Amino acid sequence: MSLAIHRNWTQFAWVRLLSVGGVLLVLSQLDGLLAGQNDFVKRLIILAGLYVVLAVSLNLINGITGQFSMGHAAFYMVGAYTAGYLASTQFTRLNLPLTLWMPLVMVAGAIAAAIAGLIVGLPSLRLRGDYLAIVTLGFGEILRIVANNSTELGKAFGLNVSPNFRSIGLTWGLAILCVACCRNLLKTSRGLQFLAVREDEIASAAMGVPVTRTKVLAFVVGSAFAGAAGAVLAHFEGFVSTAMFSMDVSFILVTMVVLGGTGSITGSVIAAVLLFYIPEAMRELPDTPMARILGAPIAIVALLRREQERFHGPARQKWARNLGIVLGCVVLAIALGAVLANLPGMNTMVQGSKLRMVVFAITLIALMLLRPQGILAHHELSWDWVQRLRGKPAPTHEVSA
Amino acid sequence: MTTLLELRDATIRFGGLVAVNKVCFEIHPGQLFGLIGPNGAGKTTCFNLITGVYRPTSGEIFFDGKGIGGTSPSVIAEKGIARTFQNIRLFKSLSVLENVVVGGCLRRPTGLFSALAYLPKAIQITDALRDEALRYLKIVHLDHVANVRSADLSYGMQRRLEIARAMATQPKLLLLDEPAAGMNPQEKGELNAMVRRIRDDHGMTVLLIEHDMRFVMTLCERIVVLDHGEEIAQGPPAEIREDPKVIAAYLGEAH
Amino acid sequence: MPLAAVELSTLPQQLANGILLGSIYALIALGYTMVYGVLKLINFAHGEVFMLGAYAALFASWGLGFTPNNTLTATSPVNLLIMLLASMALCAVVGVIIERFAYRPIRNQPRISSLITAIGVSLLLQYGGQLFLPTSPAPNIDGKVNPYRNAVELKFREAPLALREEAKGLESQVQKAQAEWDARLAAGESRFAPSSEGRIVRDALNAAKTELNQKQTEIARQSAVVVLPVGQLIMLGATVVLMGLLTYLVMFTRPGRAMRAVSHDFDSAALMGVNVNSIVTFTFLIGSALAGAGAMMNATFLSGTKIDTFFGMLPGVKAFVAAVLGGIGNIPGAVLGGVLMGVAEALVVWVGIGQYRDAVAFVVLIAVLLLRPGGLLGSSKVEKV
């Protein structure tokens, strides 16, 4: 409920100014505070921040406005290549200090991506659902293949980008800006128009909502943020190549949005961090006997089938039950692993590095089977919601006249 | 007397089927006008023609003296025609209050940048719209459930919500598609009074489709009757009640 | 871009290639479209089912003795049939399992959730396969298992007789020169640092070869020949047969009618007594089996096709595009879309911008959807207000 009757405290200008000031202060200190961390950790933090921007901006298009966009990586790429191209051609010529160059190149990336977003968004006016999905995916692939074959853009090798600029403060600053913009939008009546388009286009049009313009704007704003993130990525990595923006990236982004709960901004943030971090954390998996690997999916499948029955009961019990199921899966998996170990060939070790994506895939499937509406469903992690969880009666049951 | 809405030989054809055939009627400002007829007569199709969902195959539709045939729905809303739907089309995940605010956005738009930056202007407009929405909810007696998810309301309440949402667009002409469907007699009485208040206090002209004869007869000042896409009778309730063609259409006399 | 190199004479060949490629896409697209028809779900894992079908065919060929480095020389059509059945059977089973355990539990949830699950299954098969299946080096099916390795040559236009006579003359010249050179080599002449006489012989040989080459190119340019490997013709025939069977199934049998009912309106079909669970399982079974057939044919007849666990991704996406192109949910549409996709790809190669072949799928799709938002044969359902 973004427009509940009681007002929110950011109404007051001083609250807003203070929070902006506070955030800026913290951001500027972040790089210093985290300087002691090793490069790998810093890399994780920066990439996580970029994924947050991507997920939240995609959520604006998919979750809030209800358009099915599956090619978000394309906007990321447009921003990155724009920044890369500008850096390789203009940076030495203009010789600007980094503090000026970065915002400039981020804006440039955002604008380029916004134009791409405009082009991609236009077909959305005539296409629905799955058709739009494949068209957005298609645009992305076309752009990628064109870039792959373009000599100015370095063909398959990509472009080298210098200067190299790595800043946690900047990256998370962009992430916070993105989240703030989306949150702001949803706290105003303008944001309700976007939601209305998602809910029912025909009714929205009948109420005077400019449906076409709203849909296109969602694409433009969403892609602009992705483009800015791309610019940051380009300078962070020091190079750009089309391999970094494959279809897989688009799929992961859609997964992040859905997993967090379509439409939920905080959900997208949480899911982005989770889904990014889980595969990273698994880079160091030990070698495991084959038996245990087989045990896990069997256990999950066996226990999660229970979800087919509808469970009617208080939310707290449902969480307990889900927890029980997960624990049961783990126990069953270990047990099965021990049993299967007796079969011939089941003790061959499998390299840990190969397991990473398999575990990720299994986790994904299990999460969707357990909680298909996403972690936060349509809620936001906000004070309102926490209050409601603590027992203030939620006004969500049927009210009769 | 000036005419607010005029249909002149409005016709729409879907392939071989003529859903609305040369229908003519006029509505004057401040009238409570009824559009009735047996099922499949083309009443909702007329609504769809007026509100721009369909483009007339031939004939014209005038609103405030200007032709509006084929104009898109959002432009029609901006010109001052709002509607409710036969199969309720609320914004299901939004709350009651939010549904009405969406209607109000039409007359008080917020710029995108102001919204993204949460500028004072945007906040002001949102607050004003919130207050305005509450006022409309009071008219339809839904202010006590303003924060309830609209999908969780009972059927009758959902219908009233749709009316409030349409009113929020501040239309000159309000089209109600079967507003009394599924209501009990007491609710219908309240609805009757509500519609009168909408006309009297807010100056909106009302055109409604309804099946309940008694409701229509006691509320509407002038009625047009459709059957199989054609207009078979038009006039005040007293005349319509006695009209043999109308009776035949509803009761199905042997030809 | 060497557009100047467009040769009209090679067009028929490319068209033929395109149709053959398109028939594979069509088989995969049928699976996508059928599943979408009944469940309104994009089965992302379908490309991986295709991949498993290829592996099934591979293992079947190994089972028949055509392991890597084998010394078999004889084969029979029965081998092909066994491989085909193996692929179709495995894919059918895999498809049914996926539906049962990954899609059915969330059938009542928003469609996007099923989509994510499908992505998960797709990833699981791709990376899980890396653990269990041979992938490096990527194996391929031994071409010897195919008894139809000869090709049919259709000559549309023959080069002028004079040219061909000249070519024959040049051929014998090359033969003579080659014999001379070989004799010299056998007598001890050094291949790379010959004596001055040897050099004359070698240069004469090379000159003759070059002339012959030029003459042959000229002949090719002036004739229109389409080379159709018989194996690929069989493949096309098999595809047509399978599609015919499918059409019969869908249009004239009871399960087929039930499938159509379910794709029209899931709930009403259930209310009319259709066992929707069985029908959905059946749909997955048929759709996956078709993909398996396509996989087996792709891996066997397009010789040298390397198989690894990511082998199904690109054909999967292209086939999905094909299904959407024809109107998703529409069976003839999937076939039309698939063939169109294959031909478009071949044309791109013909025109000389082959490096863009993967993009062409999407360009065609976007172009068609802009004109017909429901796909070529799809119905643009008007929402009732």
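See the structure above.
Only a predicted model underlies this, so the values are computations on that prediction, with no experimental measurement involved.

Procedures and definitions
Residues numbered from 1 in each chain as written. Chains lettered and ligands numbered in written order. Predicted model: local features only at pLDDT ≥ 70, side-chain atom pairs only at ≥ 80, totals over all residues. Heavy atoms only, no water. Patch = residues over 30% accessible without salt bridge, like charges linked within 9 Å, V, L, I, M, F, W, Y side chains within 5 Å. Areas by Shrake-Rupley, 256 points an atom, 1.4 Å probe, with all protein chains shown as cover. Salt bridge = Lys/Arg side-chain N within 4 Å of Asp/Glu carboxyl O. Helix = DSSP H or I, 4+ residues; strand = E, 2+ residues; numbered from the N terminus. Pairing = 2+ DSSP bridges. Axes fitted to C-alpha atoms, helices over the stretch in contact; angles between N-to-C directions. Contact = heavy atoms within 4.5 Å. Expected span 1.5 Å × (residues − 1). Buried < 20%, exposed > 50% of the residue type's maximum accessible area, 1.4 Å probe, protein only. Buried area = accessible area lost by both parts, 1.4 Å probe. Polar contact = N/O pair within 3.5 Å; in protein donor to acceptor, adjacent residues only side chain to side chain. Nonpolar A, V, L, I, M, F, W, Y, C, P; charged D, E, K, R; others polar.

## Overview of a nonpolar patch on the surface
- Together, Val107, Ile111, Ile115, Leu118, Ile119 and Leu122 of chain A make up an exposed nonpolar region whose accessible area comes to about 530 Å².
- Secondary-structure assignment places valine 107 of chain A in helix 4 (residues 98-121).

## Structural notes on the sheet that holds strand 7 (residues 173-177) of chain B
Residues and elements named next belong to chain B.
- Here 6 strands make up an open sheet; going across it, the order is 6-7-8-3-9-10 and the pairing mixed. Each edge of the sheet is formed by a strand with only one pairing partner; in this case those strands are strand 6 (81-83) and strand 10 (230-235). The sheet shows a mean angle of 20° between the axes of neighbouring strands, direction not considered.
- Relative to strand 8 (residues 205-209), strand 7 runs parallel, the two being bridged by 5 bridges. Looking at strand 8, one finds that aspartate 177 is bridged to isoleucine 209.
- Across the sheet, helix 7 (residues 185-202) is in contact with strand 3 (32-36), strand 7 and strand 8; its angle to strand 3 comes to roughly 135°.
- In the packing of helix 10 (residues 244-251) onto the sheet, contacts are made with strand 3, strand 9 (222-227) and strand 10, and the angle to strand 10 comes to roughly 130°.

## Points about helix 10 (residues 247-260) of chain A
Residues and elements named next belong to chain A.
- Here helix 10 spans 20 Å end to end across 14 residues, near enough to the 20 Å set by a 1.5 Å rise per residue.
- When you tally the buried positions in helix 10, you get 12 out of 14 residues, the bulk of the element.
- Of the residues making up helix 10, those classed as buried are Met247, Val249, Ser250, Phe251, Leu253, Val254, Thr255, Met256, Val257, Val258, Leu259 and Gly260.

## Here's the deal with helix 6 (residues 196-222) of chain C
All names here are of chain C.
- The first and last C-alpha atoms of helix 6 sit 39 Å apart over 27 residues, in line with the 39 Å expected at 1.5 Å per residue.
- Buried within helix 6 are the following residues: Gly198, Val201, Leu205, Ala208, Leu212, Lys215 and Ile219.
- Where helix 6 is buried, its residues touch helix 5 (161-186).

## Quick look at the sheet that holds strand 2 (residues 17-27) of chain B
Residues and elements named next belong to chain B.
- Spatially, 2-1-4-5 is the arrangement adopted by the 4 strands of the open sheet, whose pairing is antiparallel. This sheet does not close on itself; its edge strands, each paired only once, are strand 2 and strand 5 (66-67).
- In this structure, strand 1 (residues 5-14) lies alongside strand 2, joined through 7 bridges in antiparallel fashion. Each residue of the ladder has a partner; that of leucine 5, found in strand 2, is isoleucine 27.
- Here helix 1 (residues 43-50) sits on the sheet and contacts strand 1, strand 2 and strand 4 (58-63); the angle it forms with strand 1, its principal contact strand, is near 110°.

## Comments concerning the interface of chain A and chain B
- With 44 residues of chain A in contact, the opposing surface of chain B contributes 48 residues.
- In total, about 4100 Å² of surface goes out of reach between chain A and chain B, with carbon and sulfur atoms giving 64% of it.
- Our count for the chain A to chain B interface comes out at 1 salt bridge.
- As a salt-bridge pair, aspartate 200 of chain A and arginine 89 of chain B come within 2.9 Å of each other at their nearest N and O atoms.
- Joining chain A to chain B, the criterion identifies 9 residue pairs in polar contact (both at pLDDT 80 or more).
- For the side of chain A that touches chain B, the elements supplying multiple residues, two or more each, are helix 6 (168-187), helix 7 (189-199), helix 8 (201-206) and helix 9 (211-237) of chain A.
- Ranked by the residues each element gives to the side of chain A that touches chain B, the list is headed by helix 7 of chain A, at 9 residues.
- Of the residues contributing to the side of chain A that touches chain B, the split by class is 21 nonpolar, 14 polar and 9 charged.

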